[in-house]
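Residue-level listing of the chains:
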Amino acid sequence: MRSFAASASLFLLFIATGNAIECEVCSNRAGMDCSGELVTCAQSVESCQTAIAEYSFEGLDPIYNVFKNCSGARSKNTLYRSAEKHGSYYLRVEVCKTNGCNNGPLQFPPKNTTLNGVRCPACSVDGELICEANDILECVGEMTSCIYIAANFRVSAAPPIPSAYRGCSSAGSRDQLPVTPADTIQDVVTAIVSKGV
């Protein structure tokens, strides 16, 4: 009887270990796709994710980042946009629940550029964590709230830069701000979501 119990325990352990999801893991700070090895996630992880980000700055080509990995507990499908006077940030996160399901590329849906009547205080600074509003930004599309955020931002392979900006956001509250890849936004000092002016 003991040998049966031991065998059953080993069998259940084998099944439990075999049920861990496998996800593609990779990153690319200069494009919208990447490819990497399939990695067996921790037993508590139930999904894979792909996150793509677009940073647009006035007068420059957009910068794209992609991250594929095992999902964190708070990860969920997300489509987020924010804008300041001279640039914008666009994030899409897709979560899936089968082995290797995050191996394909993601695309952004077309941007809605229709004015929505919301107006937000606007400013942006690099190298500082305080930004005094000196302008007003007319919001578009789904960006129906205002945001003020100050943190260390990492847009490319270069080290993070302390920055702050005020502008428009698609998040209706601070709780709705997206969970970003760990090293893209660090040491958040200020994150305030408010109604338009």
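Calculation rules
Residues numbered from 1 in each chain as written. Predicted model: local features only at pLDDT ≥ 70, side-chain atom pairs only at ≥ 80, totals over all residues. Heavy atoms only, no water. Helix = DSSP H or I, 4+ residues; strand = E, 2+ residues; numbered from the N terminus. Buried < 20%, exposed > 50% of the residue type's maximum accessible area, 1.4 Å probe, protein only. Contact = heavy atoms within 4.5 Å. Pairing = 2+ DSSP bridges. pLDDT = per-residue confidence, 0-100.

So, on to the environment of T40. With respect to the helices and strands, the residue T40 is situated in strand β3 (residues 38-40). Overall, T40 belongs to the partly exposed group, its relative accessible area being 48%. Setting aside anything within four residues of it in sequence, one finds T40 in contact with A20, I21 and E22.

Our focus in this paragraph is the pairing of strand β4 (residues 48-57). Counting buried residues in β4 gives nine out of ten residues, a clear majority hidden from the surface. Sheet topology note: the β4/strand β5 (residues 63-70) ladder contains eight bridges and is antiparallel. For Q49, the partnering residue across the bridge sits in β5 and is N69. In textbook terms, the turn of a hairpin is the stretch between consecutive antiparallel strands, and for β4 and β5 this stretch comprises five residues, one of which, G59, has a positive phi near 85°.

Across the chain, the average pLDDT comes to 87, with 89% of residues at 70 or higher. Strand β1 (residues 22-24) holds the highest mean pLDDT among the elements of the chain, 97, whereas helix α1 (residues 2-18) holds the lowest, 39. Long-range and interchain partners of residues 1-17, a stretch whose pLDDT sits below 50, account for two contacts in this model, where long-range means more than four residues apart.

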